[in-house]
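Residues per chain, in single letters:
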Amino acid sequence: MGGEGADAATHRMRGDAPDIRGFLRRGSFVSVAARIGNDVSGYVCDWDGNGLLLDVRDPSGDPAGYEFLPWTSVERVSAG
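These lines cover the structure that appears in this document, whether it is placed above or below. (Residues numbered from 1 in each chain as written. Predicted model: local features only at pLDDT ≥ 70, side-chain atom pairs only at ≥ 80, totals over all residues. Heavy atoms only, no water.)

Within the protein chain one finds two helices and five strands. Tracing the protein chain from N to C terminus, the helices and strands come up as α-α-β-β-β-β-β. Relative to its full complement of 80 residues, the protein chain shows a buried share of 24%. Put simply, of all contacts in the protein chain between residues at least 6 apart along the chain, 31% involve residues at least 24 apart. (Helix = DSSP H or I, 4+ residues; strand = E, 2+ residues; numbered from the N terminus. Buried < 20%, exposed > 50% of the residue type's maximum accessible area, 1.4 Å probe, protein only. Contact = heavy atoms within 4.5 Å.)

On to the pattern of salt bridges. This structure, assessed with the given rule, holds one salt bridge. Across the pair arginine 57 and aspartate 55 runs a salt bridge, and its minimum N-O distance is 3.0 Å. Classification of arginine 57 as partly exposed rests on a relative accessible area of 22%. Relative accessible area serves as the criterion here: at 15%, aspartate 55 is assigned to the buried category. (Salt bridge = Lys/Arg side-chain N within 4 Å of Asp/Glu carboxyl O.)

We now examine the nonpolar core. Counting 10 residues, the largest nonpolar core is built from Leu24, Val30, Val32, Val40, Val44, Leu52, Leu54, Val56, Leu69 and Val74. Mapped onto this core, the elements with two or more residues apiece are strand 1 (29-34), strand 2 (39-47) and strand 3 (51-57). It is strand 3 that contributes the most residues to this core, three residues altogether. For valine 74, the residues in contact, after removing those within four places along its chain, are Val32, Ala33, Arg35 and Leu69. (Core = buried A, V, L, I, M, F, W, Y, C linked by side-chain atoms within 4.5 Å.)

This is the structure:
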């Protein structure tokens, strides 16, 4: 711990790591694991303190409508 060199570099955050605003920016493609057992993927339309609004896509990539996910139902959000 606290060492220098290559080993220390592996324990640092990547330089291109997004912040919340960048990670959830409008148009970002994300996958959401919901606590109710449904996983959805789609493009972020908007988000606020209440939850996340997605332009949901089915597995083939076709639009499947819009879905609002309250934060209380969101277990994990993944991007990239």
